[in-house]
Amino acid sequence: MPQLPYTFDADQRYPVDLHMHSTASDGALTPTELVTLCAERGLTHMSLTDHDTMDGIDEAARAAEQAGLCLIAGCELSTRWQGINIHVVALMPGGLQGAMVEGLIQQRDARIQRAEVIAERLEKVGLSNALEKARVQAGSDRPLGRPDFARALVADGLVPDWSSAFKRYLGSGKKGDVKAHWPEISQVVAWVVASGGVAVIAHPLRYGLTRRKRGLLMDTFQAAGGQAVELVSGQQNSDSTRDLARQLAERELYASLGSDFHFPGSHAAPGSMSLVPRTAAPPIWQHPRLLHLRDAQPGLLANA
Ligand code: AMP
Ligand code: MN
Ligand code: MN
Ligand code: MN
């Protein structure tokens, strides 16, 4: 397995993807199928980061060992900051342990309770038996997410497609965007850090924040013990990436990379993301808790 570089060079790709989903949350591929696809696409390092759960990690770890890839355990946690639903990727080299065990139980309960509120609200706009219909779309007994409700709205003919479902009912600020159940971002960062993990602000360019407000988010996050930000998340504008890189470098935050892949056939694929610019922000694999990512053996990355 090739060693990862100590710094980012100008406009490069790396065989690394630290943000992807499986059927353990709202992804379409099983953990095994996802790992296989990552291997086919030439990745050497990956993380499985399902929404508020690490249930897919054991299966992914077995597949990674088979496929000769280095897997870092992880998840993507739903949080709240200033009335906005902010996502935090937790990279957990020691696996699920410590405060995260209780944290994920809380997130699961919050998600189950939130689904009931979302269902009530969608019933008022015409989606009868919303909870049951979302459950059918989920096709398993995992806690429901907004994508399941989006599919139910489409199946019932209330909206023409998935993207209109978010635009009209489920997206930021709409009726079905219920945030009250999620813990404050500082609380979530504390769980991650206390459990041997590294907390990463997910897709910072996707919250519709001004540059100044994004800086405030980073400051709050950093004060709580957060140390990394996704510098590249899927496809993004190169000027915005360079500007974001400056915000990271100013604060000495580590830079992570991920596709946020959910399903084949969309514009995203494992490892497919915009180029990483030259920046003083250190790669996340330079973080003391992840240093052994650089020259890791295939299989699950585990702290010695
Ligand atoms: P949840 O975790 O249940 O709050 O659902 C959030 C998920 O819904 C995200 O991770 C995406 O997979 C999907 N999603 C959120 N916003 C949109 C959007 N505007 N268009 C399409 N999918 C979205
Ligand atoms: Mn998702
Ligand atoms: Mn997200
Ligand atoms: Mn995601």
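Computed from a prediction, not measured in an experiment: that's the story for all the values here.

Engineer: Can you break down the coordination of the manganese ion (ligand 3) residue by residue, with the values?
Structural biologist: Around the manganese ion (ligand 3), the donor atoms from the protein are Glu76 (OE), His87 (ND1) and His203 (NE2), and they sit 2.1 to 2.2 Å away. Considered as a linear motif, the donors of the manganese ion (ligand 3) on their single chain read E-x10-H-x115-H. Between the manganese ion (ligand 3) and the manganese ion (ligand 2) the interatomic distance comes to 5.7 Å. Of this pair, Glu76 sits in strand E3 (residues 70-81) while His203 sits in the loop between strand E5 (198-201) and helix H8 (211-223), placing them 127 residues apart in sequence. Classification of Glu76 by relative accessible area gives buried; the value is 1%. Judged by relative accessible area, His203 falls into the buried class, the value being 5%.

Engineer: Describe the packing of aromatic side chains, listing the residues and the values that go with them.
Structural biologist: Counted by the stated rule, this structure contains 5 aromatic pairs. Ring centres of Phe8 and Tyr14 lie 5.4 Å apart, and the angle between their planes is 65°; this geometry places the pair in the edge-to-face category. A single burial state applies to Phe8 and to Tyr14, both of which are buried. Consider the rings of Tyr14 and Trp285, whose centres lie 5.7 Å apart with planes at 55°: the pair is tilted. Here Trp285 lies in the loop between strand E7 (254-258) and strand E8 (299-300) and Tyr14 lies in the segment before strand E1 (16-17), a separation of 271 residues in the sequence. You can call Tyr14 buried: its relative accessible area is 11%.

Engineer: Would you mind going over the UniProt feature "domain: Polymerase/histidinol phosphatase N-terminal" (unreviewed entry) in the protein chain in detail, with residue names and values included?
Structural biologist: Within this structure's numbering, the places UniProt gives as "domain: Polymerase/histidinol phosphatase N-terminal" (unreviewed entry) are residues 16-81. Annotation note: span residues 16-81, helix share 32%, strand share 27%, distance between end C-alpha atoms 29 Å.

Engineer: Can you explain the nonpolar core? Please cite residues and give values.
Structural biologist: Counting 72 residues, the largest nonpolar core has Met100, Leu248, Ile284 and Trp285 as its most contacted members. Ala130, Ala138, Leu144 and Ala152 belong to the second-largest nonpolar core, a separate cluster that totals 18 residues.

Engineer: Explain the coordination of the manganese ion (ligand 2) to me, and be specific about the residues and the numbers.
Structural biologist: Distances from the manganese ion (ligand 2) to its protein donors, Asp26 (OD), His51 (NE2) and His262 (NE2), fall at 2.1 to 2.2 Å. Sequence spacing of the donors to the manganese ion (ligand 2): D-x24-H-x210-H.

Engineer: Lay out the site of ligand 1 with the relevant residues and their values.
Structural biologist: Taken together, Asp26, His51, Arg111, Arg114, Gly145, Arg146, Pro147, Trp162, Phe166 and His262 form the complete shell of residues around ligand 1. Arg146 places a polar main-chain atom, nitrogen or oxygen, 2.8 Å from an oxygen atom of ligand 1. For ligand 1, an oxygen atom lies 3.1 Å from a polar atom in the side chain of His262. About the coverage of ligand 1: the protein hides 74% of its 500 Å² of free accessible area.

Engineer: Describe the pairing of strand E4 (residues 84-91), with residues and values.
Structural biologist: Taken across its 8 residues, E4 has 8 buried, putting it largely inside the fold. Of the pairings in the sheet, the one linking E3 to E4 comprises 8 bridges and is antiparallel in character. When the sheet's bridge partners are listed, Glu76 is paired in E4 with Val89. Following E3, the chain reverses through 2 residues before pairing antiparallel with E4; Gln82 in that reversal takes a positive phi of roughly 50°. Across 4 bridges, the pairing between E4 and E5 is antiparallel. Pairing of Val89 across the sheet is with Val200, part of E5.

Engineer: An account of the domain arrangement of the protein chain is needed here, citing residue identities and associated values.
Structural biologist: The assigned domain composition of the protein chain is domain 1 (16-96 + 184-300) and domain 2 (107-170). Relative to domain 2, the C-alpha centre of domain 1 lies at a distance of 26 Å. A combined buried area of about 710 Å² lies between domain 1 and domain 2, and 42% of that area is made up of carbon and sulfur atoms. On the domain 1 side of the interface with domain 2, the three residues burying the most area are Asp26, Asp52 and Phe263, jointly 46% of the side's total. Counting across the domain 1 and domain 2 interface gives 1 salt bridge.

Each value, and the rule that gives it
- Residues numbered from 1 in each chain as written.
- Chains lettered and ligands numbered in written order.
- Predicted model: local features only at pLDDT ≥ 70, side-chain atom pairs only at ≥ 80, totals over all residues.
- Heavy atoms only, no water.
- Donors = N, O, S within 2.8 Å, 3.2 Å for Na, K, Ca; no water.
- Helix = DSSP H or I, 4+ residues; strand = E, 2+ residues; numbered from the N terminus.
- Buried < 20%, exposed > 50% of the residue type's maximum accessible area, 1.4 Å probe, protein only.
- Phe/Tyr/Trp six-rings, centres within 6.5 Å; stacked < 30°, edge-to-face > 60°.
- UniProt positions renumbered as here; feature names shortened; annotations may be inferred.
- Core = buried A, V, L, I, M, F, W, Y, C linked by side-chain atoms within 4.5 Å.
- Near = heavy atom within 4 Å.
- Polar contact = N/O pair within 3.5 Å; in protein donor to acceptor, adjacent residues only side chain to side chain.
- Areas by Shrake-Rupley, 256 points an atom, 1.4 Å probe, with all protein chains shown as cover.
- Pairing = 2+ DSSP bridges.
- Domains from an automatic or database assignment.
- Buried area = accessible area lost by both parts, 1.4 Å probe.
- Salt bridge = Lys/Arg side-chain N within 4 Å of Asp/Glu carboxyl O.

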